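Listed below, chain by chain, are the residues.
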2 protein chains.
Amino acid sequence: MTTNERTGDATSEVESGEEEEVLGGGELAAHLIKSGITRNEMIAAITNRLHAEAMASLPPNVRRRIRALRTLQKEFADIESKFYLEVHALECKYERMYKPLLEKRAQIVSGAYEPNDAECVNPWRDESEEEELARAVQNAAIAEGEEKKEEKEPAEPPMDPNVKGIPDFWYTIFKNVSMLCEMMQEHDEPIIKCLQDIKVQMFEDPIGFTLEFHFLPNDYFTNTVLTKEYSMKCKPDEENPLEFEGPEIYSCKGCEINWKKGKNVTVKTIKKKQKHKSRGSVRTVTKSVQADSFFNFFAPPQMPDDPNSTLASDTQALLTADFEVGHYIRERVVSRAVLLYTGEGLDEDDDDDYEEEEDSYSDEDSGTEEVSDAED
Amino acid sequence: MTTNERTGDATSEVESGEEEEVLGGGELAAHLIKSGITRNEMIAAITNRLHAEAMASLPPNVRRRIRALRTLQKEFADIESKFYLEVHALECKYERMYKPLLEKRAQIVSGAYEPNDAECVNPWRDESEEEELARAVQNAAIAEGEEKKEEKEPAEPPMDPNVKGIPDFWYTIFKNVSMLCEMMQEHDEPIIKCLQDIKVQMFEDPIGFTLEFHFLPNDYFTNTVLTKEYSMKCKPDEENPLEFEGPEIYSCKGCEINWKKGKNVTVKTIKKKQKHKSRGSVRTVTKSVQADSFFNFFAPPQMPDDPNSTLASDTQALLTADFEVGHYIRERVVSRAVLLYTGEGLDEDDDDDYEEEEDSYSDEDSGTEEVSDAED
């Protein structure tokens, strides 16, 4: 399930209408500062310029040979793209081999299958520490329960020892993995608790994959499966063939969620005060706007039909982030779910227990809007 | 040439002789602070502990099912290791397909082959900008030359337009790529200027690769090829099978460099003042010690024969860095040399033009050493 295929950055070059001027390093810096770019962008631009000047100062016959090396590099990229297609085909083949394991995992998580004793032995692990910790935690809970009794408060009911499967398996993964946790809002949590499995379907030609989110019947929507489809390409770009680095996600498609009445967490109602421009009277209107929610993942920005058209930069940023999430779920979450559940397999980046919390989500918004005319 | 195989970190767990104590979060933090670990290590330790406590607080039947999922995850890793072996076999196959291209590149670089016009066309590139820049650079050089003439100083001779191949091709790459530039000392530079090619030989069983550094006959050593051999493994570790992430470099072997007399840049002579403990007399002794040099790359720390023995932490750090360099040269440098030469293919991390320069290398060292006895 893993090769280094990159998530596309969905950026496209911004072409400037200005004519190219030949500027020296100092002039270039001044020119760049005026154009309001960041320090890092400026450093990159100056570095590129210095490299270009170094190349330009070479004798023409040497520059000619460098062009010949670029031609070879293009041939290299063409062969490399075939390598990556073969790797992708291997991934499709292995996905079929992983399937029985992932199916069994889903059955253990849901409680449909109870593993036998032999299946529950991890010979490489020292269980004694966990057992000791379990006893300590249990004793602490009992002590706390007794204290609470003294205070006449009811102790929280202990988890039912006859519980089926592994409760909140995927929900816990969402909580543990920072990329997913950041997407999940408070109002999403009861829905994510109904998430029973995430599956990947790989496609060989054209290359791509679909993520399937399987849900228990729930109070929020009638779908049992939500899907997100990613299309990939594995060909050097015609205009920048030497930048080829392997397969890339280039577009994605969500699915329609059939929300039950009043349950759509992806919209919120905001109240706005509108002031009449001439009369000065104020009225309050309610508007439906998009609310933060993990489920916006299934309604990504529309891709333009013309692949050469440029996207607005905020749309580009949204798509880049979306491709990263899709790639990450396929690459790390589905294949290593139990390790993200227990915390054993969390990278430093996955785990945001100690990151600063973002401002908590607020469902109500308000503001004053000035309108030039409005019926009373 | 590219999959996500990782460079091993050559670390091994340090076993503590102390018995495990069950500590609460606060006690744990106090305990950890006393042991002098870094803040990040402490956060990681506490996070691990919180995850472990969360697991320990689950009912025994749920913990049993989690063990069953770990067993499945181990089976997953076993299948995955076969996937990575197949990918490695593909890499060996493609290495043979890349070979004619890389051979031709070497011939163009050395001047053994002069490309024809058709080979020097890069249809995806706009050459006009480069041409314009070349004219501007040339004019600036002429103007500078005239100015210098007026000052009666001789102008620097322009590069010979009849120059063979691409001079300083690999040396320029070493200069451009920060990882290599940091290893190259001033005294290494004239030797690296004799570097004519870097080749990779892949091995399928057991998996691994050798980097070959091909040199022109030079004043420094008699070898024409210096080699560095990397051995890889692609099997889940028996003690930590779930940490498997694909092929890993686990050991490397350098080669003997036959330095010409007085030309060994990897040793330096230092003068030390020694003070006689009782008599107080001072004498100066000279000692040969290892000098910083890229060529230490061919004399990596010895790996212990017993793979289970633990390495000193500084040796571990050296090997980890070495594996990263070897991996990087194979993965990025050999396959994309021209792009690192021109600067087109440099990542932000590759390019350290604007990083702070490290203290310049000093060849002489001095210090005072106290010895208990020394013949006069």
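Rules used throughout
Residues numbered from 1 in each chain as written. Chains lettered and ligands numbered in written order. Predicted model: local features only at pLDDT ≥ 70, side-chain atom pairs only at ≥ 80, totals over all residues. Heavy atoms only, no water. UniProt positions renumbered as here; feature names shortened; annotations may be inferred. Helix = DSSP H or I, 4+ residues; strand = E, 2+ residues; numbered from the N terminus. Buried < 20%, exposed > 50% of the residue type's maximum accessible area, 1.4 Å probe, protein only. Contact = heavy atoms within 4.5 Å. Areas by Shrake-Rupley, 256 points an atom, 1.4 Å probe, with all protein chains shown as cover. Core = buried A, V, L, I, M, F, W, Y, C linked by side-chain atoms within 4.5 Å. Buried area = accessible area lost by both parts, 1.4 Å probe. Salt bridge = Lys/Arg side-chain N within 4 Å of Asp/Glu carboxyl O. Polar contact = N/O pair within 3.5 Å; in protein donor to acceptor, adjacent residues only side chain to side chain. Pairing = 2+ DSSP bridges. Least-squares fit on C-alpha atoms with pLDDT ≥ 70 in both. pLDDT = per-residue confidence, 0-100. Lys, Arg positive; Asp, Glu negative; His and termini not counted. Patch = residues over 30% accessible without salt bridge, like charges linked within 9 Å, V, L, I, M, F, W, Y side chains within 5 Å. Charge placed at Lys NZ, Arg CZ, Asp CG, Glu CD. Axes fitted to C-alpha atoms, helices over the stretch in contact; angles between N-to-C directions. Parallel < 35°, antiparallel > 145°, perpendicular 65-115°, else oblique. Left-handed = near helix turned anticlockwise from the far one by under 90°. Nonpolar A, V, L, I, M, F, W, Y, C, P; charged D, E, K, R; others polar. Phe/Tyr/Trp six-rings, centres within 6.5 Å; stacked < 30°, edge-to-face > 60°. Lys NZ or Arg CZ within 6 Å of the ring centre and 35° of its normal.

Chain A is annotated in an unreviewed UniProt entry as Nucleosome assembly protein 1-like 1 isoform X2 of Bicyclus anynana. Here chain A is described in UniProt, under the heading Subcellular location (unreviewed entry), as follows: "Nucleus". Listed in UniProt under the heading Sequence similarities (unreviewed entry), the comment for chain A reads: "Belongs to the nucleosome assembly protein (NAP) family."

Our focus in this paragraph is the overall build of chain A. Within chain A, the regular secondary structure consists of nine helices and eight strands. Relative to its 376 residues, chain A shows a buried fraction of 45%. A sequence separation of at least 24 residues applies to 66% of the contacts in chain A between residues at least 6 apart. Of the accessible surface of chain A, which amounts to about 21000 Å², a share of 48% is contributed by carbon and sulfur atoms.

We now examine the nonpolar core. Core analysis: the biggest nonpolar cluster contains 153 residues, and Phe213(A), Phe295(A), Phe213(B) and Phe295(B) have the highest contact counts within it. Ignoring sequence-local partners within four residues, the contact set of Phe213(B) consists of Leu195(B), Asp197(B), Ile198(B), Thr224(B), Val225(B), Leu226(B), Phe294(B), Phe297(B), Phe298(B) and Ile329(B).

Glancing now at the interface of chain B and chain A. Between chain B and chain A, the residue contacts involve 104 residues of the former and 104 residues of the latter. Regarding the contact of chain B and chain A, the summed buried area is about 9500 Å², with carbon and sulfur atoms giving 61% of it. Applying the counting criterion to the chain B and chain A interface returns 18 salt bridges. Residue Glu245(B) is joined to Arg336(A) by a salt bridge in which the shortest nitrogen-to-oxygen separation is 3.9 Å. For the pair chain B and chain A, the interface holds 42 residue pairs in polar contact (both at pLDDT 80 or more). Broken down by secondary-structure element, the contributors of at least two residues to the side of chain B that touches chain A are helix H2 (39-56), helix H3 (60-110), helix H4 (127-150), helix H5 (169-176) and helix H9 (337-342) of chain B.

This brings us to the pattern of salt bridges. If you walk through the whole model with that rule in mind, you get 39 salt bridges over all chains. A salt bridge links Glu80(A) to Arg336(B), with the nearest nitrogen and oxygen atoms 3.2 Å apart. Of this pair, Glu80(A) sits in helix H3 (residues 60-110) while Arg336(B) sits in the loop between helix H8 (313-333) and H9, each in a different chain. Neither Glu80(A) nor Arg336(B) differs from the other in exposure class; each is buried. Salt-bridge contacts for Lys199(B) lead to Glu103(B); the nearest nitrogen and oxygen are separated by 3.5 Å. Here Glu103(B) lies in helix H3 and Lys199(B) lies in strand E2 (residues 195-204), a separation of 96 residues in the sequence. Overall, the relative accessible area of 35% leaves Glu103(B) in the partly exposed class.

Take Asn176(A): it is sitting in helix H5 (residues 169-176). Side-chain polar atoms of Asn176(A) contact the backbone oxygen of Tyr341(A), separated by 3.1 Å.

All names here are of chain B. Residues Leu 226, Lys 228, Tyr 230 and Met 232 of strand E4 (residues 225-233) are buried on one face, while the alternating residues Val 225, Thr 227, Glu 229, Ser 231 and Lys 233, pointing to the opposite face, are not. Examined bridge by bridge, strand E3 (residues 207-215) and E4 share seven bridges and lie antiparallel to one another. Note that in E4 the partner of Gly 208 across the bridge is Ser 231. Relative to strand E5 (residues 248-253), E4 is paired through five bridges, and the arrangement is antiparallel. Directly across from Glu 229, in E5, lies its bridge partner Lys 253.

Let us now look at the relation of the copies chain B and chain A. Take chain B, turn it by 180°, move it 0.0 Å along the axis, and it overlays chain A with an RMSD of 0.1 Å. Here the transformation between the copies is reduced to the relation of a two-fold axis.

Residues and elements named next belong to chain A. On average, residues of chain A score 82 in pLDDT, and 77% of them reach the 70 mark or higher. Below a pLDDT of 50 lies the segment residues 151-157, which in the model reaches three contacts outside its immediate sequence neighbourhood of four places, other chains included. A low-confidence stretch, residues 351-376 (pLDDT under 50), is modelled with 53 contacts involving residues beyond four sequence positions or located in other chains.

Let us look at the side chain of Asp197(A). All names here are of chain A. Looking at the element boundaries, Asp 197 is found in strand E2 (residues 195-204). Although Asp 197 lies buried, it forms no salt bridge, and the closest oppositely charged side chain, Lys 199, sits 4.5 Å away as judged by the N-O distance. Filtering out sequence-adjacent residues up to four positions away, Asp 197 remains in contact with Ala 106, Trp 170, Glu 212, Phe 213 and His 214.

Our focus in this paragraph is a negative patch on the surface. On the surface, a cluster of negative charge is contributed by Asp237(A), Glu238(A), Glu239(A) and Glu243(A). Relative accessible area serves as the criterion here: at 37%, Asp237(A) is assigned to the partly exposed category.

Attention shifts here to the packing of H3(A) against H3(B). Their axes nearest at 10 Å, the elements H3(A) and H3(B) cross at an angle of 170°. Between H3(A) and H3(B), the crossing angle belongs to the class labelled roughly antiparallel. Here H3(A) and H3(B) pass one another in a crossing that is right-handed. Of the residues assigned to the contact of H3(A) with H3(B), the class counts are 30 nonpolar, no polar and 18 charged.

Moving on: the packing of aromatic side chains. According to the stated counting rule, one finds 46 aromatic pairs over all chains in the structure shown. A centroid spacing of 5.4 Å and a plane angle of 90° characterise the contact between Phe169(B) and Trp170(B), whose relative ring orientation is edge-to-face. Neither residue differs from the other here; Phe169(B) and Trp170(B) are each classed as buried. On the basis of an interplanar angle of 25° and a centroid distance of 5.1 Å, the ring pair of Phe209(B) and Tyr230(B) is categorised as stacked. Here Tyr230(B) lies in strand E4 and Phe209(B) lies in strand E3, a separation of 21 residues in the sequence. With relative accessibility at 0%, the residue Phe209(B) sits in the buried group. Judged by its relative accessible area of 1%, Tyr230(B) is buried. Aromatic rings pair up to connect Phe174(A), Phe213(A), Phe215(A), Phe221(A), Trp259(A), Phe294(A), Phe295(A), Phe297(A) and Phe298(A) into one cluster. Here the guanidinium or amino end of Lys228(A) rests over the ring plane of Phe297(A), the centre of that ring lying 3.5 Å away.

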